[in-house]
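As a plain string of letters, each chain reads:
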Amino acid sequence: MNSSRFEINRRTALLTSAAIAANVLNPFRAFAQETPRKGGVFNVHYGAEQRQLNPSLQASTGVYIIGGKIQENLVDLDADGQPVGVLAESWEATPDGKTITFKLRKGVTWHDGKPFTSEDVAFTAMNMWKKILNYGSTLQLFLTSVDTPDPQTAIFRYERPMPLNLLLRALPDLGYVSAKHLYESGDIRQNPANLAPVGTGPFKFVKYERGQYIIAERNADYWRSNAPYLDRIVWKVITDRAAAAAQLEAGDLHYSPFSGLTISDMARLGKDKRFIVSTKGNEGNARTNTLEFNVRRKELADVKVRRAIAHAINVPFFIENFLGDFAKLGTGPIPSTSTDFYPGANTPQYPYDKAKAAALLDEAGYKPGAGGTRFSLKLLPAPWGEDISLWSTFIQQSLGEVGIAIEIVRNDGGGFLKQVYDEHAFDLATGWHQYRNDPAVSTTVWYRSGQPKGAPWTNQWGWDDGKIDKIIDDAATEVDPAKRKALYADFVREANTELPVWMPIEQIFVTVITAKARNHSNTPRWGSSSWHDLWLSA
Amino acid sequence: MRILSLAGRRLAASIPTLFLILIGVFLLLQFAPGDTVDAMMAQMGGGDAATARELRRFYGLDLSIPMQLANYLWRLVRLDLGFSAIYGKPVASVILERLPPTLLLMASSLSFAFFFGLVFGVIAARGVNRWPDTLISTFGLIFYATPSFWFGLMAIVVFSIYLQWLPAGGFEDIGAVRTGIWRVLDIASHLVLPSLTLGLIFLAIYLRIMRASMLEVLNLDYVRTARAKGLDETRIITRHVLRNALLPMVTLIGLQAGTMLGGSVIVETVFSLPGLGRLAYESVVQRDLNTLLGIVFVSALLVILVNFITDLLYARLDPRITAES
């Protein structure tokens with residue numbers, strides 16, 4: 001007995017040591033499912049090069065996808081969409097909403113070794129967010145100063161109340177910090193660091209070859225211990241969508257963010273086990289398809305005509321047949337992904353009803369003339385995506401059926417913005433409205449009157465409504481979150497009643513990523529986030 | 001030496017043309033709605049009017065159009081191509097970075113097209129109306145009729161995705177830092193598919209031209225004389241026929257160097273090559289006038305240079321040309 005037991009024990013011991021030896025030789029095999037693996041290069045599809053890479057100067061996903069790995073924001077959003085501190089550890093607002101104090105993280109250094117302090121935050125806020133950053137200059141319009149009593153404290157002082165919730169929801173996009181010591185002298189726009197960013201983030205900038213690639217490597221001194229996992233991130237500049245899909249299939253790319261491929265390729269790759277195609281991780285990048293009415297035009301000044309146009313278009317049919325799983329029926333300017341502000345669908349809606357559309361047009365005094373045409377309009381589609389192009393053709397055909405002849409005028413990006421937002425040379429325009437976590441950041445400007453001519457994605461339709469203006473202004477400085485939410489519900493109801501802009505389709509950007517990626521798509525703005533916890537399985 | 005002075009005169013004559021082209025492009029681009037700041041706003045996804053005004057002043061877009069043109073021409077006279085609004089650096093250095101891929105692509109696809117066009121053209125002409133001719137002509141027609149982006153994508157599907165022989169895009173492998181001969185081989189492997197894609201259409205043209213001019217020359221009296229005096233057929237083809245039949249091909253190369261820059265936009269886009277063609281396309285979309293004019297300037301210089309070389313080649317092939325001048 002004894003000897004046999006000994007035999008078993010010895011055999012077990014031998015087997016165990018063999019297993020240990022195997023694990024030493026191949027340490028990741030046994031734990032591949034659980035333990036994050038260090039190392040690896042993550043190749044990212046970069047569709048549209050921007051003119052610079054510093055997210056404190058330009059709010060756009062094209063900049064965050066690179067700059068957001070190198071530089072950091074004060075606050076980001078966690079998996080539940082709630083603000084979570086990054087460079088800021090905590091925050092506090094006075095009851096009047098005019099003073100907001102941020103306590104900053106200790107022991108953070110810039111990639112060049114200098115310490116990160118409140119001076120950097122104050123400099124960035126006053127000189128970049130307030131003066132240069134798009135949307136930032138509107139958000140921080142009433143920011144008067146940022147006090148820095150000590151290196152870990154930044155006190156934002158406002159002339160008018162700034163709702164803490166609004167600021168915290170805006171800062172993930174509009175709160176990236178740049179190093180004061182690199183920017184304090186010379187022209188900020190011309191600073192060489194704009195193309196070779198220095199930040200506090202998990203990855204350090206290495207190289208930018210225009211038209212080819214951008215490389216960043218792991219920051220060994222990153223403040224989050226044990227992060228990041230990846231050795232490098234390489235962004236490959238590929239402007240052609242079909243070529244990008246081919247490179248994903250050939251294994252040269254791991255990730256294509258923000259609906260960077262054609263709708264048909266995304267649907268095709270969704271069936272391929274090697275890839276995950278999903279809208280997850282993009283909830284904070286919701287967008288709606290719009291139909292913008294130039295109310296300077298006599299026919300469109302009549303709300304009956306605007307409602308008739310909405311009733312004449314079969315949106316569910318369009319979504320089902322052209323957009324598939326990537327879109328759903330929209331209910332207004334605040335998308336359903338906005339858990340804090342979505343007022344529900346019990347506001348005026350415009351279901352497909354051709355007879356009602358015709359009746360409304362008759363009522364407005366536009367009877368069909370010769371050949372059944374009531375009047376004709378010029379429609380300008382934005383060139384950002386194939387869905388807009390399909391949508392504009394669908395509008396044309398749908399409105400043709402109720403007697404409104406549509407002429408589609410196509411432009412490239414610059415041309416579209418110039419004609420719609422500067423020259424107002426349109427009757428109808430269609431594009432995307434991007435929702436940025438709080439309606440006050442980039443949504444209410446679509447409805448507020450008095451927008452300066454030439455400012456893109458603002459009310460350039462000539463819409464002027466005192467009631468809507470008042471709700472917008474009240475909500476922007478309302479410090480009580482419950483009251484703010486109620487005001488935005490009023491706003492959506494008014495916007496859907498008067499319909500200066502119709503937002504009938506809700507979309508979330510689609511991500512195509514390799515099935516080997518771990519910890520991906522785990523926050524609402526993941527494509528823009530820092531990727532400090534992303535790793536690749538073997 | 002006479003051919004050099006002839007070519008030199010041509011070079012001098014092309015300078016006013018160059019200026020006319022530049023002024024023309026400048027004015028044409030003014031007709032496109034929107035300027036570089038509008039394009040920038042489109043990229044950013046929004047901004048306010050004050051920022052836009054500030055940027056316009058920064059890029060000198062608040063000046064009147066004649067003032068902008070005058071500024072540009074004055075800079076050009078001093079050989080200053082200006083500053084690129086998209087790239088944030090001098091246009092000259094942007095173009096210099098983008099020139100090598102385009103030159104390599106042009107040279108490799110032109111020589112591929114020229115060589116195989118010549119060989120297949122000769123084979124087709126020698127076997128006129130028999131099966132080699134029919135086969136070659138059919139393929140030529142297919143190559144000519146197929147759009148190059150489709151060819152490129154199919155080549156990627158077959159050689160990069162299924163067979164995994166060649167890279168799907170880019171100019172060189174960024175993952176591994178290579179030097180010397182390995183870097184050359186790496187770049188060459190990246191250029192195979194794009195050169196073939198761009199070259200196939202030109203090959204089809206060269207093939208047709210070569211076949212036709214071979215057939216024409218083969219029927220001339222001096223060829224009959226050569227045959228009558230008993231020279232062997234290979235010698236007749238290489239020494240007597242080919243040399244004369246090549247003249248139209250050489251003319252064509254000079255003409256097509258310009259066309260190729262245009263055709264390379266699609267190939268560079270499909271294969272993500274950072275070349276001049278794509279740069280030109282992007283500068284139009286982003287309304288980056290300085291860069292676009294710089295590219296037009298450099299391309300015009302390229303075409304003039306290629307034509308200059310063509311002239312020299314021409315004289316070498318046909319001594320009568322120098323004699324006439």
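Calculation criteria
Residues numbered from 1 in each chain as written. Chains lettered and ligands numbered in written order. Predicted model: local features only at pLDDT ≥ 70, side-chain atom pairs only at ≥ 80, totals over all residues. Heavy atoms only, no water. UniProt positions renumbered as here; feature names shortened; annotations may be inferred. Helix = DSSP H or I, 4+ residues; strand = E, 2+ residues; numbered from the N terminus. Polar contact = N/O pair within 3.5 Å; in protein donor to acceptor, adjacent residues only side chain to side chain. Contact = heavy atoms within 4.5 Å. Patch = residues over 30% accessible without salt bridge, like charges linked within 9 Å, V, L, I, M, F, W, Y side chains within 5 Å. Areas by Shrake-Rupley, 256 points an atom, 1.4 Å probe, with all protein chains shown as cover. Salt bridge = Lys/Arg side-chain N within 4 Å of Asp/Glu carboxyl O. Buried < 20%, exposed > 50% of the residue type's maximum accessible area, 1.4 Å probe, protein only. Buried area = accessible area lost by both parts, 1.4 Å probe. Lys, Arg positive; Asp, Glu negative; His and termini not counted. Charge placed at Lys NZ, Arg CZ, Asp CG, Glu CD. Domains from an automatic or database assignment. Core = buried A, V, L, I, M, F, W, Y, C linked by side-chain atoms within 4.5 Å. Pairing = 2+ DSSP bridges. Axes fitted to C-alpha atoms, helices over the stretch in contact; angles between N-to-C directions.

The name given to chain B in an unreviewed UniProt entry is ABC transporter permease, with the source organism recorded as Bradyrhizobium oligotrophicum S58. The UniProt entry for chain B carries the following comment under Subcellular location (unreviewed entry): "Cell membrane".

Going by the annotation in an unreviewed UniProt entry, the name recorded for chain A is ABC transporter extracellular substrate-binding protein, with Bradyrhizobium oligotrophicum S58 given as the source organism. Annotation of chain A in UniProt includes, under Subcellular location (unreviewed entry), the sentence "Periplasm". UniProt, in the comment section headed Sequence similarities (unreviewed entry), describes chain A in these words: "Belongs to the bacterial solute-binding protein 5 family."

Undergrad: Let's hear about the side chain of A:R169: which residues, and what values?
TA: Residue and element names in this part refer to chain A. As for its position among the elements, R169 is in helix α5 (residues 164–174). Here the side chain of R169 touches D340 through a polar contact of 3.3 Å, side chain to side chain. Excluding anything up to four places from it in sequence, R169 contacts G81, Q82, P83, D340, F341, R436, N437 and D438.

Undergrad: Tell me about a nonpolar patch on the surface, and please be specific about residues and values.
TA: Residues and elements named next belong to chain B. Judged by side-chain polarity, F115, F116, F120 and I123 come together as a nonpolar surface patch covering roughly 340 Å² of accessible area. Mapped onto the fold, F116 is located in helix α5 (residues 91–126). Accessibility expressed as a relative area gives 31% for F116, which makes it partly exposed.

Undergrad: So what's going on with the interface of chain B and chain A? Which residues, and what values?
TA: Taken together, the contact pairs 46 residues of chain B with 48 residues of chain A. The junction of chain B with chain A conceals about 3,800 Å² of combined surface from both sides, 55% of it contributed by carbon and sulfur atoms. Where chain B packs against chain A, one counts one salt bridge. Between B:R287 and A:D412 there is a salt bridge, with its nearest N and O atoms 2.7 Å apart.

Undergrad: Tell me what's going on with a positive patch on the surface, and back it up with residues and numbers.
TA: Residue and element names in this part refer to chain B. Positive charge collects at one region of the surface, where K229, R235, R239, R243 and R316 lie side by side. Relative to the assigned elements, K229 resides in the loop between α9 (221–228) and α10 (233–270). Take K229: its relative accessible area is 61%, and that puts it in the exposed class.

Undergrad: Please give an account of the domain arrangement of chain A that cites residues and values.
TA: All names here are of chain A. By domain assignment, chain A separates into domain 1 (71–192), domain 2 (201–283 + 510–536) and domain 3 (286–507). Computed over C-alpha atoms, the centres of domain 2 and domain 3 are 33 Å apart. Together, the buried faces of domain 2 and domain 3 total about 710 Å²; carbon and sulfur atoms form 60% of this surface. The tally of links from domain 2 across to domain 3 stands at zero salt bridges.

Undergrad: How would you sum up the nonpolar core? Please name residues and give values.
TA: The tendency in soluble globular proteins is for nonpolar side chains to be buried side by side. Ranked by size, the top nonpolar core spans 106 residues in total, and within it A:L74, A:F102, A:F156 and A:W531 carry the most contacts. For A:F102, the contacting residues outside a window of four places in its chain are A:V75, A:A88, A:S90, A:W91, A:Q152, A:T153, A:A154, A:F156, A:L167, A:L168 and A:L171. Counting residues in hydrophobic clusters, the runner-up holds 59 residues, among them B:I187, B:L203, B:V223 and B:V306.

Undergrad: Give a detailed account of the pairing of strand β9 (residues 213–218) of chain A, specifying residues and quantitative values.
TA: All names here are of chain A. Bridge count between strand β8 (residues 203–209) and β9: six bridges; the pairing is antiparallel. Bridge pairing links E209 to Y213 in β9. Two successive antiparallel strands, β8 and β9, enclose a turn made up of three residues, where G211 displays a positive phi of approximately 75°. As defined by bridge partners, β9 adjoins strand β10 (residues 232–237) across five bridges and the pair is classed as antiparallel. Within β10, the residue paired with I214 across the bridge is W235.

Undergrad: Let's hear about the sheet that holds strand β7 (residues 153–158) of chain A: which residues, and what values?
TA: Residue and element names in this part refer to chain A. Taken together, the four strands give an open sheet; going across it, the order is β4-β5-β7-β6, and neighbouring strands pair in antiparallel fashion. Of all strands in the sheet, those bounded by a partner on one side alone are β4 (88–93) and β6 (143–147). With strand direction ignored, the average angle separating the axes of adjacent strands in the sheet is 20°. Bridge count between β4 and strand β5 (residues 99–104): five bridges; the pairing is antiparallel. Within the sheet, the bridge partner assigned to S90 lies in β5 and is K103. Strands β5, β6 and β7 of the sheet are contacted by helix α3 (residues 118–129), whose axis makes an angle of about 165° with β6. Lying on the sheet, α5 is in contact with β4, β5 and β7; it crosses β5 at an angle near 45°.

Undergrad: I'd like a rundown of the UniProt feature "domain: Solute-binding protein family" (unreviewed entry) in chain A, residues and numbers included.
TA: Mapped onto this numbering, the UniProt entry annotates "domain: Solute-binding protein family" (unreviewed entry) at residues 83–450 of chain A. Note that residues 83–450 of chain A is 30% helix and 22% strand, and that its end C-alpha atoms are spaced 32 Å apart.

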